[in-house]
Amino acid sequence: MSDPCTEGIGNCTKTQRDIVKRAFQDASAMLARAQDALIAYEKKPAAPSNRKVVTALKKHFNWTEALMASPSPGEVRVTPDYIPGKAREYIRTLMGKISVPFGAICPANDQQREQLNPQHKGDIVKILAAALQDNTNCFMYTPDYFRQKPEFRAKVVLHEMFHSWKYMSDDSYEGDAKYPGKVGNATENPDSYACLIRDIGRR
Ligand SMILES: [Zn+2]
(Lines give C-alpha, C1' and ligand atoms only; values in the text may rest on other atoms or scores of the structure.)
Protein backbone atom coordinates (compact mmCIF):
# COMPACT_ATOMS: atom_id res chain seq x y z
CA MET A 1 0.00 0.00 0.00
CA SER A 2 1.33 3.42 -0.90
CA ASP A 3 2.20 5.82 1.87
CA PRO A 4 0.58 9.22 1.29
CA CYS A 5 3.05 10.86 3.65
CA THR A 6 6.00 10.00 1.40
CA GLU A 7 4.42 10.55 -1.99
CA GLY A 8 5.41 14.19 -2.23
CA ILE A 9 1.93 15.65 -2.71
CA GLY A 10 1.42 18.74 -0.61
CA ASN A 11 4.77 18.83 1.08
CA CYS A 12 4.88 20.92 4.24
CA THR A 13 7.29 23.77 4.75
CA LYS A 14 9.87 23.60 7.55
CA THR A 15 7.75 26.05 9.55
CA GLN A 16 4.64 23.91 9.10
CA ARG A 17 6.48 20.74 10.13
CA ASP A 18 7.78 22.51 13.24
CA ILE A 19 4.23 23.54 14.13
CA VAL A 20 2.99 19.96 13.73
CA LYS A 21 5.91 18.68 15.80
CA ARG A 22 4.98 21.10 18.58
CA ALA A 23 1.33 19.99 18.33
CA PHE A 24 2.38 16.38 18.94
CA GLN A 25 4.51 17.45 21.91
CA ASP A 26 1.62 19.44 23.38
CA ALA A 27 -0.77 16.55 22.73
CA SER A 28 1.60 14.18 24.49
CA ALA A 29 1.69 16.41 27.58
CA MET A 30 -2.12 16.70 27.49
CA LEU A 31 -2.45 12.92 27.43
CA ALA A 32 -0.24 12.51 30.49
CA ARG A 33 -2.11 15.16 32.47
CA ALA A 34 -5.48 13.80 31.37
CA GLN A 35 -4.48 10.33 32.50
CA ASP A 36 -3.53 11.70 35.94
CA ALA A 37 -6.81 13.61 36.14
CA LEU A 38 -8.87 10.50 35.35
CA ILE A 39 -6.98 8.38 37.86
CA ALA A 40 -7.57 11.02 40.54
CA TYR A 41 -11.24 11.25 39.58
CA GLU A 42 -11.80 7.50 39.78
CA LYS A 43 -10.27 7.38 43.24
CA LYS A 44 -12.53 10.16 44.53
CA PRO A 45 -15.29 11.07 42.07
CA ALA A 46 -16.92 13.56 44.43
CA ALA A 47 -13.79 15.47 45.43
CA PRO A 48 -13.98 19.19 44.57
CA SER A 49 -10.56 18.94 42.92
CA ASN A 50 -12.04 16.51 40.39
CA ARG A 51 -14.89 18.80 39.40
CA LYS A 52 -13.33 19.65 36.03
CA VAL A 53 -13.42 15.95 35.10
CA VAL A 54 -17.09 15.71 36.07
CA THR A 55 -17.85 18.79 33.97
CA ALA A 56 -15.92 17.53 30.95
CA LEU A 57 -17.52 14.06 31.05
CA LYS A 58 -20.94 15.69 30.97
CA LYS A 59 -20.02 18.22 28.29
CA HIS A 60 -18.33 15.84 25.86
CA PHE A 61 -20.20 12.56 26.50
CA ASN A 62 -23.38 13.46 28.38
CA TRP A 63 -22.01 11.05 30.96
CA THR A 64 -22.73 11.37 34.67
CA GLU A 65 -22.25 9.09 37.65
CA ALA A 66 -26.03 8.77 37.82
CA LEU A 67 -25.96 6.61 34.68
CA MET A 68 -24.18 3.90 36.63
CA ALA A 69 -26.49 1.59 38.49
CA SER A 70 -24.98 1.08 41.93
CA PRO A 71 -25.34 -2.49 43.18
CA SER A 72 -24.56 -1.20 46.66
CA PRO A 73 -23.86 2.24 48.08
CA GLY A 74 -20.50 3.57 47.02
CA GLU A 75 -19.90 0.85 44.46
CA VAL A 76 -19.84 1.71 40.77
CA ARG A 77 -20.75 -1.00 38.29
CA VAL A 78 -18.41 -0.96 35.32
CA THR A 79 -20.30 -1.23 32.04
CA PRO A 80 -19.22 -0.70 28.42
CA ASP A 81 -20.47 2.86 28.74
CA TYR A 82 -18.32 3.60 31.75
CA ILE A 83 -16.62 6.50 30.00
CA PRO A 84 -13.95 7.35 32.61
CA GLY A 85 -12.49 3.85 32.35
CA LYS A 86 -12.84 3.75 28.59
CA ALA A 87 -11.16 7.12 28.19
CA ARG A 88 -8.32 6.03 30.47
CA GLU A 89 -7.79 2.88 28.38
CA TYR A 90 -7.80 4.87 25.12
CA ILE A 91 -5.43 7.47 26.54
CA ARG A 92 -3.03 4.66 27.41
CA THR A 93 -3.18 3.42 23.81
CA LEU A 94 -2.50 6.88 22.40
CA MET A 95 0.37 7.47 24.85
CA GLY A 96 1.97 4.38 23.38
CA LYS A 97 1.55 5.67 19.82
CA ILE A 98 2.23 9.38 20.05
CA SER A 99 5.98 8.88 19.74
CA VAL A 100 5.56 7.04 16.43
CA PRO A 101 7.25 9.45 13.97
CA PHE A 102 4.65 11.72 12.48
CA GLY A 103 4.05 12.34 8.81
CA ALA A 104 2.51 15.59 7.65
CA ILE A 105 0.94 16.64 4.39
CA CYS A 106 0.05 20.25 3.78
CA PRO A 107 -1.93 20.62 0.54
CA ALA A 108 -1.95 24.20 -0.62
CA ASN A 109 -5.30 23.94 -2.41
CA ASP A 110 -8.44 21.84 -2.93
CA GLN A 111 -7.04 20.20 -6.05
CA GLN A 112 -4.11 18.74 -4.17
CA ARG A 113 -6.43 17.74 -1.35
CA GLU A 114 -8.66 15.79 -3.74
CA GLN A 115 -5.74 13.62 -4.81
CA LEU A 116 -5.21 12.58 -1.20
CA ASN A 117 -8.73 11.33 -0.54
CA PRO A 118 -9.10 11.56 3.25
CA GLN A 119 -11.20 8.88 4.92
CA HIS A 120 -13.06 11.41 7.05
CA LYS A 121 -13.89 14.38 4.85
CA GLY A 122 -15.90 16.14 7.57
CA ASP A 123 -12.68 16.76 9.43
CA ILE A 124 -11.38 19.04 6.69
CA VAL A 125 -14.31 21.37 7.24
CA LYS A 126 -14.62 21.11 11.01
CA ILE A 127 -11.16 20.63 12.41
CA LEU A 128 -8.94 21.45 9.43
CA ALA A 129 -7.06 18.17 9.26
CA ALA A 130 -7.65 14.55 8.31
CA ALA A 131 -6.19 11.11 8.88
CA LEU A 132 -5.01 9.40 5.71
CA GLN A 133 -4.00 5.95 6.86
CA ASP A 134 -4.77 3.73 9.84
CA ASN A 135 -2.04 2.81 12.32
CA THR A 136 0.07 5.85 11.50
CA ASN A 137 0.52 9.46 12.59
CA CYS A 138 0.32 10.52 8.94
CA PHE A 139 -2.18 13.37 8.80
CA MET A 140 -3.16 16.08 6.33
CA TYR A 141 -3.34 19.68 7.53
CA THR A 142 -5.12 22.54 5.77
CA PRO A 143 -3.67 26.06 5.54
CA ASP A 144 -6.26 27.18 8.14
CA TYR A 145 -4.94 24.64 10.64
CA PHE A 146 -1.73 26.63 10.94
CA ARG A 147 -3.64 29.79 11.78
CA GLN A 148 -5.23 28.25 14.89
CA LYS A 149 -4.05 28.40 18.50
CA PRO A 150 -1.57 25.76 19.75
CA GLU A 151 -4.16 24.15 22.03
CA PHE A 152 -6.55 23.63 19.12
CA ARG A 153 -3.77 22.18 16.98
CA ALA A 154 -2.85 19.68 19.70
CA LYS A 155 -6.50 18.69 20.13
CA VAL A 156 -6.77 18.06 16.41
CA VAL A 157 -3.76 15.72 16.52
CA LEU A 158 -5.52 13.75 19.26
CA HIS A 159 -8.75 13.67 17.24
CA GLU A 160 -6.91 12.24 14.23
CA MET A 161 -5.15 9.69 16.40
CA PHE A 162 -8.54 8.34 17.52
CA HIS A 163 -9.27 7.69 13.83
CA SER A 164 -5.98 6.15 12.95
CA TRP A 165 -5.24 4.09 16.09
CA LYS A 166 -8.74 3.36 17.44
CA TYR A 167 -10.54 3.22 14.05
CA MET A 168 -13.34 5.51 15.19
CA SER A 169 -15.71 7.36 12.86
CA ASP A 170 -17.06 10.83 13.49
CA ASP A 171 -20.47 11.12 15.09
CA SER A 172 -20.44 14.85 15.92
CA TYR A 173 -18.03 17.72 16.45
CA GLU A 174 -17.77 20.19 19.31
CA GLY A 175 -19.90 23.16 18.33
CA ASP A 176 -22.47 21.06 16.44
CA ALA A 177 -26.04 21.36 17.71
CA LYS A 178 -26.20 17.57 18.21
CA TYR A 179 -22.84 17.36 20.03
CA PRO A 180 -22.22 15.14 21.93
CA GLY A 181 -25.53 13.31 21.65
CA LYS A 182 -26.35 10.46 23.98
CA VAL A 183 -23.59 8.53 25.71
CA GLY A 184 -24.12 5.73 23.20
CA ASN A 185 -23.29 8.08 20.32
CA ALA A 186 -20.34 9.72 22.02
CA THR A 187 -18.76 6.52 23.24
CA GLU A 188 -16.80 6.06 19.98
CA ASN A 189 -16.69 9.70 18.85
CA PRO A 190 -13.17 11.08 18.22
CA ASP A 191 -14.01 14.70 19.04
CA SER A 192 -15.57 13.74 22.37
CA TYR A 193 -12.34 12.08 23.50
CA ALA A 194 -10.05 14.74 22.05
CA CYS A 195 -12.03 17.53 23.74
CA LEU A 196 -12.15 15.63 27.03
CA ILE A 197 -8.37 15.23 26.97
CA ARG A 198 -7.94 18.92 26.12
CA ASP A 199 -10.19 20.04 28.97
CA ILE A 200 -8.89 17.78 31.73
CA GLY A 201 -5.32 17.78 30.41
CA ARG A 202 -4.98 21.54 30.42
CA ARG A 203 -2.01 22.80 32.44
ZN1 LIG B 1 -12.69 13.09 12.58
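Look above for the structure.
Cut-offs and rules
Residues numbered from 1 in each chain as written. Predicted model: local features only at pLDDT ≥ 70, side-chain atom pairs only at ≥ 80, totals over all residues. Helix = DSSP H or I, 4+ residues; strand = E, 2+ residues; numbered from the N terminus. Rg over C-alpha atoms; globule rule 2.2 N^0.38 Å. Buried ≥ 20, exposed ≤ 12 C-beta atoms within 10 Å, placed from the backbone. Contact = placed C-beta atoms within 7 Å. Pairing = 2+ DSSP bridges. Axes fitted to C-alpha atoms, helices over the stretch in contact; angles between N-to-C directions. Parallel < 35°, antiparallel > 145°, perpendicular 65-115°, else oblique. Expected span 1.5 Å × (residues − 1). Left-handed = near helix turned anticlockwise from the far one by under 90°.

Q: Please explain the overall build of the chain as it appears in this structure.
A: When helices and strands are tallied, the chain shows eight helices and three strands. In the chain, the order of α-helices and β-strands from amino to carboxyl end is α-α-α-β-α-α-β-β-α-α-α. Taken over the C-alpha trace, the chain has a radius of gyration of 17 Å; the compact-globule value for 203 residues is 17 Å, and the two agree within 12%. Overall, the chain is about 60 × 30 × 30 Å in size when its C-alpha atoms are taken along their principal axes. In the chain, buried positions account for 38% of the 203 residues. Taking contacts inside the chain between residues at least 6 apart in sequence as the whole, the part at least 24 apart equals 66%.

Q: Just to check I follow, could you spell out unusual backbone geometry for this structure?
A: Peptide bonds are mostly trans, and most non-glycine residues show a negative phi. In this structure, the amide linkage connecting Tyr179 to the following residue, Pro180, adopts the cis form with an omega of -5°. Mapped onto the elements of the fold, Pro180 is located in the loop between α6 (150-166) and α7 (183-186). The phi dihedral of Leu128 falls on the positive side, at around 70°, and the residue is not glycine. Structurally, the position occupied by Leu128 is in the loop between α5 (122-126) and β2 (129-131).

Q: Whenever I open this one, the sheet that holds strand β1 (residues 103-105) confuses me. Can you help?
A: By definition, the strands of a sheet pair up through backbone hydrogen bonds, in either a parallel or an antiparallel sense. Read from one edge to the other, the open sheet built from three strands follows the order β1-β3-β2, with strand pairing classed as mixed. Lying at the two open borders of the sheet, with one neighbouring strand each, are β1 and β2. Strand after strand, the sheet turns through a mean of 25° between neighbouring axes, direction not considered.

Q: How should I be thinking about the pairing of strand β3 (residues 138-141) in this particular structure?
A: Consecutive residues of a regular strand have side chains that alternate between opposite faces of the sheet. Alternating residues of β3 divide into Cys138 and Met140 and Phe139 and Tyr141, and every residue in both groups is buried. As paired strands, β1 and β3 are joined by three bridges and run parallel to one another. The partner of Ala104 across the bridge, within β3, is Phe139. Across three bridges, β2 lies against β3 in antiparallel orientation. Paired with Ala130 across the two strands is Met140, which belongs to β3. Where β2 hands over to β3, the hairpin turn is made up of six residues, of which Asn135 adopts a positive phi near 60°.

Q: What am I meant to see in the packing of helix α3 (residues 83-97) against α6 here?
A: Think of two packed helices as two axes; the pair is described by the angle between the axes and how far apart they sit. Where α3 meets α6, the closest approach of the two axes is 11 Å, and the angle between their N-to-C directions is 95°. The angle between the axes of α3 and α6 places the two elements in the roughly perpendicular class. Where α3 abuts α6, its residues Tyr90, Thr93, Leu94 and Lys97 lie against Leu158, Met161, Trp165 and Lys166.

Q: Sorry if this is basic, but what is going on with α6 here?
A: One turn of an α-helix holds 3.6 residues; hence residues three or four places apart share an orientation. For α6, which comprises 17 residues, the first-to-last C-alpha distance of 24 Å matches the rise-based estimate of 24 Å (1.5 Å per residue) to within 8%. For α6, the buried fraction is high: 13 of the 17 residues fall into the buried class. Backbone geometry just downstream of α6 places Tyr167 in the positive-phi region, at approximately 60°.

Q: What's the story with the environment of Tyr173 in this structure? I'm lost.
A: By secondary structure assignment, the location of Tyr173 is in the loop between α6 and α7. Residues Tyr173 and Ala154 lie 19 residues apart in sequence; the distance between their C-alpha atoms is 16 Å.

Q: What should I look at first to understand the packing of α6 against helix α8 (residues 190-200) in this one?
A: Their axes nearest at 8 Å, the elements α6 and α8 cross at an angle of 140°. With respect to each other, α6 and α8 are oriented oblique. The hand of the α6/α8 crossing is right-handed. Between α6 and α8, the residues in contact are Glu151, Lys155, Leu158, His159, Phe162 and His163 and Pro190, Asp191, Tyr193, Ala194, Cys195, Ile197 and Arg198, respectively.

Q: Which parts of the structure should I look at to understand α8?
A: In terms of residue burial, α8 counts as a mostly covered element, since ten of its eleven residues are buried. In this structure, the buried side of α8 is in contact with α1 (14-43), α2 (51-61), α3, α6 and α7.

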